[in-house]
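# Commentary on secondary and tertiary structure
Below, each chain spelled out in residue letters.
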Amino acid sequence: MTSSHPADAPGRVRRRKTSQLGDKIFFNAARGAGILLLVIMAAIAGFLAYRSALALSKNQGNFLTTFEWAPDAPKPVFGIAVLAFGTIVSAVIAMVIAVPVAIGIALFISHYAPRKIAQPFAYLVDLLAAVPSIVYGLWGALFLVPHLDGLTSWMDQYLGWTYVFDQTRAGTTPRTLFTVGILLAIMVLPIITAVTREVFRQVPRMHEEAALALGATRWEMIRTSVLPFGRPGIISASMLGLGRALGETIAVAVVLSSNSVLSLHLLDPGGGTFAQNIALKFNEAGSFGRDALMASGLVLFVITLLVNGAARMIVARRKEYSGANA
Amino acid sequence: MKLQRNGRSKALVVGAMALVSSLSLAACGSDDNTGGAGAAGTSAPAAAAIACGKAGALVAAGSTAQGNAIDVWKTNFGNACAGSSVNYSGGGSGAGVQQFTQGKVQFAGSDSALKPAEVDATKAVCTGGQGINLPLVAGLISIVFNVDGVDKLTLDGATTAKIFDSQITKWNDPAIAALNPGVNLPAADIQAFHRSDDSGTTDNLTKYFAKASGGAWSYPSSKTWAGKGGQSASGSAGLAAQVKQVKNSISYVELSFAQTNSLKSAAINTGASKPVEATADNAATTFAKAKIAGTGSDLALTLDYATKEEGSYPLVLVTYEIVCDKGNKADTLETLKSFLTYAASDGGQQAIGSTGYVPLPKELASKVQAVIPTLA
Amino acid sequence: MSAVTTTAASLPQLRRNLTTARLPKWSQAAVAAGSVALGCGIGAGFGLASHLQWGLIAAALFVIVSYALSARVEGRRQAKDRLATSVVWVAFVAAVVPLAALTFYTVQQGIAVVDANFLTHSMKGVLSAGPGGGIYHALIGTLQQVALATLIAAPLGLLTAVYLVEYGRGRLARTVTFFVDVMTGIPSIVAGLFVLSVWILGLGFSYSGFAGSLALAILMMPVVVRSTEEMLKLVPNELREASYALGVPRWKTILRIVIPTAIGGITTGVMLAVARITGETAPVLMLVFGADIINNNPFQDPQQSLPMYIWQQYAQVNNDFGYARAWGAALVLIAFVMGLNLIARGIARWRSPKTGH
């Protein structure tokens, strides 16, 4: 900063000019970056939509209800029924397992564990959120699948009557949607835990102490002050995890024995997910087949978008809410 | 809330240091694997026979079925010809052909010959010429199985088709028992594995079913698996690994994958007096009878899946290397020719023969050898 | 935090005076040990093959026994509290087991493979069905691709965030914010498919490391924008106003005051984003083609990348030698990503806003 004397009028004018120029350049650079980002995004969305429309116009089957995926056949037939089912079922299994456990861990870290354990453990969980999915896939295929073998046949034996846990053919390796669900649960656990923990940490201490002062046990305190305050945070954390579970590609492709079957027998191999299907098929796909894959990618994109949007809305609402509290 | 402003440059320094230290790694790597324990020892005799052209880097893609063959060839070729390399990505036949017609690769490996439409598409890349099929890797699809107590298994077209279509679900099914008198078949469920990705191997298998299953396979032949039920895995290697791990399983892979994973292969009852074992010799008999369907320098073959000849294994496949007859990329043409010459030579064919492929019959090999020098 | 623990810890003392029946402190540990022993006993006794079942039985026993015991001795309210405590502990253990198994298994499998030779050699001339080879080419590929992606995404993301926080008021800003949100939702495989179709098949560029970088940059950009935005918002307005009051122009205020103040957080955000894209497999798989020789030029000819190398060794080689190489590469990849994370968190901690009221 050159110091300017009030009397030095011409200098001040010059400086204002250069600074205005600088401002202009900088503003335009920043705005340009924003616009570029918009353009990229619009290009992706437009391109996906365009190619999907091309593919859908020639589809001989029903895009929503067809099971097969044969876009490069002489009579192109492809549909997302199996993929949508598999994607949603595996993600739901993952959520059913991961969310309660994640809440448990978050409570453990924030309210139960001795501090000496809690801090490093929280760190560890954060680090695990960064383990690449291919490593989870490798571990899933070579470690988890063999170790789940006993459990699944046991579930078949004792819970087979539920239909869902019935194995139609004994002795199949559990490379199933159920296993995928468990693997996804393990993958999203660190993410959900990290966010939930942060939310629990923000619970106003006065609320907790008030509950304790009224003679509440620790659980009653958590139930009356921590959980109600944290509920929106838990939901949005779960949504974030769900978003990742829906889009997971490689880990699913490595573990799942895919097949164009739609079956509620979760312990039977078969099914597929959007992302896994793209990863498996894009290599052999012709240009039309790629368009079809893009159509499925677009559907996945839209689903993920809705989930993420819901999470954002919940978070936004919570912000106003806690703002009033603070 | 207050933010402190001091020490900001330190943060940058740490970040930059992490970047620099990781990039400084760039100075100490080596492509030379010949000294270590991992060197391919089998290459010594073959290496002498390789005539290296101008050094260059070939990029190729395609069939996974010939993956093991290309693996051997590129290793020997790379070791013999310093400076030359072959980069083969086994993404599948379809991917290979596509990348070839887009001019991304110098040659493609495909389990099926170019279709007329595809030949037209290649004309855009091959200036003044078109894509041709050179049969270079002959192989056979073996029906591999893993059943305790069963060392030898005989199947026929119809039974195999039914097994893979979940019409036969038990190993002691009468249909299997009838083909295997005296074999103690367990009462276990059959775990049939098929390819989850689209594949030329599936295409060849279903072509065989179409001819030899007597109608038991009701689907048209295609690269995409159409059968009912069963489990899946991606890639021939994936199938082989599953069969190795899972009891009472059955699947179909190229013989070299069966051999490298020491899996047992079923013999096929073709209607000849004796079931035909899945061996290279028996497949060679089938290849000797194959007719050349292509014209000019195109050497596409017609295979007889329904053969009933003695000692002629019906379930064969041939992988073509697809190149331009004219208009190959000038800077890599020399390298391409020397690589293909090596691959088609006796040395090259013998080298892959030992890993479970079928060396081309002399007559066919000499035709291929005659075409390669004419590439331009 | 500390206040909660002290209150919670002092609570039992208070209670002890009011109620008579109270389980001794060691009871929880004893129940845990007992149920683990019993779980293992049942598992072994009934010949259950999977150790998972042993664990599940032990966990169920632990929860049930501690509830029942407490309900008998201490009453229902306390029992419920015990139940919650034991469930939380079980959740903790249930999470630790797979995560520890993953880390331990990877290290155990990988450490045997990783040595100087493995780190400094490529796969050239190595039969995939045989032993040997290394990951050097993949390591170089990944480093270059990630560096290029960062070079594209970080400045763009940073500028966008500056625009949103410092200038953005109008409709454009709102649209950008919305689309950044949308962009965070792009599944990585879709980003790969997009670059493949446009850059390689549409515009006719060849497969190269740079093509992979483009897809990675698409994935990285929204993450950088988000984290940078958060950090810039944390910079107190007083700093900006003080700067304006001294007659410093806006752009200089941003460059010399705002960004330097938040640089720690921004660096952390960028590094976390880098760590995330380093492990991305799906888009890279479609775009860099894969190679087994060293290619130091990311703009030309196929390259290899670490995640793709792992995928190939698992899916295309799929034998014991392939698995070994895959584990080795996985260990290196994890170490790299976690290293980045640790550094990022270190910076975040060291530069974190010190709250001083």
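In the annotation of an unreviewed UniProt entry, the entry for chain C reads Phosphate transport system permease protein PstA, and the organism field reads Kitasatospora indigofera. Regarding chain C, the UniProt comment filed under Function (unreviewed entry) reads as follows: "Part of the binding-protein-dependent transport system for phosphate; probably responsible for the translocation of the substrate across the membrane."

As recorded in an unreviewed UniProt entry, chain B goes by the name Phosphate-binding protein, listed as coming from Kitasatospora indigofera. Turning to chain B, the UniProt record has this under Sequence similarities (unreviewed entry): "Belongs to the PstS family."

### A short note on empty space enclosed by the protein
Over the atoms rolls a probe the size of a water molecule, and in doing so it shows where empty space is left. All names here are of chain B. Counting across every chain of the model gives seven cavities of 30 Å³ or more. Estimated volume of the second largest cavity: approximately 80 Å³. When residues of the lining of the second largest cavity are assigned to their parent elements, the largest contribution, three residues, is made by helix 3 (residues 67–80). In the lining of the second largest cavity, the residues fall into four nonpolar, four polar and three charged.

### Observations concerning the pattern of salt bridges
Counted under the stated rule, the structure contains 21 salt bridges over all chains. As a salt-bridge pair, A:E220 and C:R77 come within 2.7 Å of each other at their nearest N and O atoms. Taken together, the residues span two chains, with A:E220 in helix 7 (residues 218–247) and C:R77 in helix 4 (residues 76–111). Residue classification places C:R77 among the partly exposed residues on the basis of a relative accessible area of 43%. Residue C:K233 pairs with C:E229 through a salt bridge whose shortest N-O separation is 3.9 Å. Here C:K233 and its partner C:E229 are both found in helix 9 (residues 209–234), four residues apart, which amounts to about one turn of the helix.

### Overview of the UniProt feature "binding site: phosphate" (unreviewed entry) in chain B
Residues and elements named next belong to chain B. Following the UniProt record, the feature "binding site: phosphate" (unreviewed entry) maps to S63, T64, A65, S93, D111, S199, G200 and T201 here. These annotated residues cover 139 residues of sequence, and their C-alpha atoms all fall within 9.5 Å of one another, placing them together at a single site. Mapped onto the secondary structure, S199 falls in the loop between strand 6 (191–195) and helix 8 (200–212). Polar side-chain contacts of S199 include one of 3.4 Å to the side chain of R195. Relative to the assigned elements, G200 resides in helix 8. In contact with G200, other than residues within four places in its own chain, are S93 and D111.

### Re the pairing of strand 6 of chain B
All names here are of chain B. Counting buried residues along strand 6, five of its five residues qualify, which places the element largely inside the surrounding structure. In terms of strand pairing, strand 6 meets strand 8 (residues 249–254) through two bridges, oriented parallel. Bridge pairing in strand 8 places Q191 opposite S249. In terms of strand pairing, strand 6 meets strand 7 (residues 231–233) through three bridges, oriented parallel. If you follow R195 over to strand 7, its bridge partner there is A233. The parallel pair strand 6 and strand 7, bridged by helix 8, forms a crossover whose chirality is right-handed.

### Re helix 6 (residues 157–164) of chain B
Residues and elements named next belong to chain B. When you tally the buried positions in helix 6, you get six out of eight residues, the bulk of the element. Inspection of helix 6 places G157, T159, T160, A161, I163 and F164 among the buried residues, and these make up the whole buried set. For helix 6, the secondary structure elements touched by its buried residues are strand 4 (131–146), strand 5 (154–155), helix 7 (174–179), strand 6, helix 8 and strand 8. One or two positions beyond helix 6, positive phi appears at S166, with a value near 60°.

### Brief notes about the domain arrangement of chain C
Residue and element names in this part refer to chain C. Split by domain assignment, chain C resolves into domain 1 (2–111) and domain 2 (136–350). Each of domain 1 and domain 2 was reduced to a C-alpha centroid, and the two centroids are 42 Å apart. Domain 1 puts six residues into the contact, and the matching count from domain 2 is five residues. When the two sides are added together, the surface that domain 1 and domain 2 hide from each other amounts to roughly 500 Å², 85% of it contributed by carbon and sulfur. Contact with domain 2 buries surface across domain 1, with T106, Q109 and G110 losing the most and accounting together for 67% of the total.

### Topic: the pairing of strand 2 (residues 85–89) of chain B
Residues and elements named next belong to chain B. The buried fraction of strand 2 amounts to five of the five residues, a majority that puts the element mostly inside the structure. By the alternation rule, side chains of strand 2 split into S85, N87 and S89 and V86 and Y88, which are all buried. Relative to strand 2, strand 1 (residues 57–62) is paired through five bridges, and the arrangement is parallel. When the sheet's bridge partners are listed, A60 is paired in strand 2 with Y88. Taken together, strand 1, helix 3 and strand 2 constitute a β-α-β crossover, and its handedness is right-handed.

What counts and what doesn't
- Residues numbered from 1 in each chain as written.
- Chains lettered and ligands numbered in written order.
- Predicted model: local features only at pLDDT ≥ 70, side-chain atom pairs only at ≥ 80, totals over all residues.
- Heavy atoms only, no water.
- UniProt positions renumbered as here; feature names shortened; annotations may be inferred.
- 1 Å grid on protein atoms, 1.4 Å probe; cavity = no way out; pocket = protein on both sides within 12 Å on 5 of 7 lines; lining within 4 Å.
- Points joined across faces, edges and corners; volume = space filled by probe spheres on them.
- Helix = DSSP H or I, 4+ residues; strand = E, 2+ residues; numbered from the N terminus.
- Nonpolar A, V, L, I, M, F, W, Y, C, P; charged D, E, K, R; others polar.
- Salt bridge = Lys/Arg side-chain N within 4 Å of Asp/Glu carboxyl O.
- Buried < 20%, exposed > 50% of the residue type's maximum accessible area, 1.4 Å probe, protein only.
- Polar contact = N/O pair within 3.5 Å; in protein donor to acceptor, adjacent residues only side chain to side chain.
- Contact = heavy atoms within 4.5 Å.
- Pairing = 2+ DSSP bridges.
- Right-handed = clockwise from strand over helix to strand, strands pointing away.
- Domains from an automatic or database assignment.
- Buried area = accessible area lost by both parts, 1.4 Å probe.

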